[in-house]
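# Examining the three-dimensional arrangement
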Amino acid sequence: MGRAWLAAIQADPGAELAGVVDLDTSAARAALADAGLSGVPVGTDAVALARETGARAVVDVTVPAAHHPVTTAALVAGLPVLGEKPAAATVAESLSLVAAAEVTGQLFVVSQSRRYNRRLFAFREQARTLGDLGVLTTEFFKAPRFGGFREEMAHPLLLDMAIHPFDTARFLLGAEPVSVYCEEFNPPWSWYDGDAAATAVFEMTGGQRYVYTGSWCSPGRETSWNGEWRLSGAQGTARWDGDHDPELDPAPDGGPVDPPDPAADPGEGIAGSLATFLAALDGGPVPMGEVHENVLSLVMVEAAVESARTGSRVLLDDVLERAYRQALAQETRDDVRARLESWTSVRAALELGRAPATAR
């Protein structure tokens, strides 16, 4: 993904690559050479290299376990951060990053790149014509052979991939998760060590249900990487195959349905995420994925994993509360701990702390 971000930065006229950081500087130099770039400084510490080069921001494309220390250091140094998903390896670390962003006043955006899709935006506009919403479903069936760490993970589908559709469901419904019941299993032919298939049923704040069914070892008739979607409402159904324009099917006896408004074009993938982040640095609107807004997508993942492990329905507020206590216990910065301690409710803090119309 570091190489993908290099290409995105090269392609954006509003961005200038100040340097590349890797614990293995030879890997950084090799990536730059492959990208046809020369004379770009490299280093092993993002903050130090940013100070040497005068960089204005950091794109954090480290592995999830490094997200918390790298992003915290950048925020404390006065550097806004655009990070890969998830915000951090755990919800507890994500809450620490929320507090660090508040303390430092710096922008931290998690690049949920699959939101940056004009067809997804069109699907959401269709959803707004359906009246009361009932059930949103996602089917995701792929058979990638990654090799490496994904095939050794305990919960490869839920931990590495499901955050994308979970986040998209929040975006489409304009609702937040309340509870989840999830079952995982590993088909006998699976090449993954951990459970590579799962079904999760979420209750959302509007009373809707979101149902996710997926597998990472389902060869034949594979879905889009975006999944296949169906949304049922009082006035009809909207469907999206993940790759082409969505389809709206009004209820035959439901009366006239207003046509959906024209959908905005948010840009595509990480390029769209980068463009909106750069615009925010120059005073534009805060992008989707600002850390306050993003945390609940990761909470959905942790709650689904807990439900699968315990075989019981899990309340997301319980997951948040435990993560909050863990964040307090683990926090090493006094100013960040003090900000965490000032929260009277985690949900309220996430809602009240969401960025206003323009970047801070």
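Above this text is the structure in question.
Described below are features of the structure shown in this document. (Residues numbered from 1 in each chain as written. Predicted model: local features only at pLDDT ≥ 70, side-chain atom pairs only at ≥ 80, totals over all residues. Heavy atoms only, no water.)

Adjacent strands of a sheet form backbone hydrogen bonds with each other and so pair up, either parallel or antiparallel. Reading across from one edge, 12-11-10-6-9-8-7-13 is the order of the eight strands in this open sheet, with mixed pairing throughout. For this open sheet the edge positions go to strand 12 (247–250) and strand 13 (314–315), each flanked by a neighbour on one side alone. Two elements, strand 10 (residues 228–233) and strand 11 (residues 236–240), share five bridges in a ladder whose sense is antiparallel. Bridge pairing in strand 11 links W229 to W240. Packing against the sheet, helix 6 (residues 118–127) makes contact with strand 6 (133–141), strand 10, strand 11 and strand 12, and its axis sits at approximately 175° to strand 11. (Pairing = 2+ DSSP bridges. Helix = DSSP H or I, 4+ residues; strand = E, 2+ residues; numbered from the N terminus. Contact = heavy atoms within 4.5 Å. Axes fitted to C-alpha atoms, helices over the stretch in contact; angles between N-to-C directions.)

Pairing is parallel across the open sheet formed by three strands, whose spatial order is 3-4-5. Strands at the two margins of the open sheet, each flanked by one partner only, are strand 3 (58–60) and strand 5 (108–111). Between one strand and the next, the sheet's axes are offset by a mean angle of 20°, whatever the strand orientation. Bridge analysis of strand 4 (residues 81–84) against strand 5 gives four bridges, and the strand direction is parallel. Bridging across to strand 5, E84 finds its partner in S111.

Residue K85 is joined to P86 through a cis peptide bond whose omega torsion reads -10°. Positive phi, close to 50°, is recorded for R221, a residue that is not glycine. Mapped onto the secondary structure, R221 falls in the loop between strand 9 (209–215) and strand 10. For R221, a relative accessible area of 84% translates into the label exposed. (Buried < 20%, exposed > 50% of the residue type's maximum accessible area, 1.4 Å probe, protein only.)

With that settled, the discussion passes to the pattern of salt bridges. Here the structure, examined in full by the defined rule, presents 20 salt bridges. The partner of D167 in a salt bridge is R170, and the shortest N-O contact between them spans 3.7 Å. You can see D167 and its partner R170 sitting in helix 8 (residues 163–173), three residues apart, about one turn around the helix. For the pair shown, D167 and R170 are each scored as buried. Measuring nitrogen to oxygen at the nearest pair gives 3.7 Å for the salt bridge that ties E321 to R325. (Salt bridge = Lys/Arg side-chain N within 4 Å of Asp/Glu carboxyl O.)

The next thing to look at is empty space enclosed by the protein. Taken as a whole and assessed by the stated rule, the structure comprises two cavities of 30 Å³ or more. Its volume calculated, the largest cavity comes out at about 90 Å³. For the largest cavity, the full set of lining residues is R114, T138, F140, M161, H164, P165, T168, W225, N226, G227, W229 and W240. For the lining of the largest cavity, the secondary-structure elements that each account for two or more residues are strand 6 and helix 8. Ranked by the residues each element gives to the lining of the largest cavity, the list is headed by helix 8, at three residues. Classifying every residue of the lining of the largest cavity by side-chain character gives six nonpolar, five polar and one charged. Forming the boundary of the second largest cavity are D60, H67, T71, G83, E84, P86, A87, F108, V109 and V110. Elements supplying a minimum of two residues to the lining of the second largest cavity: helix 4 (64–76), strand 4 and strand 5. (1 Å grid on protein atoms, 1.4 Å probe; cavity = no way out; pocket = protein on both sides within 12 Å on 5 of 7 lines; lining within 4 Å. Points joined across faces, edges and corners; volume = space filled by probe spheres on them. Nonpolar A, V, L, I, M, F, W, Y, C, P; charged D, E, K, R; others polar.)

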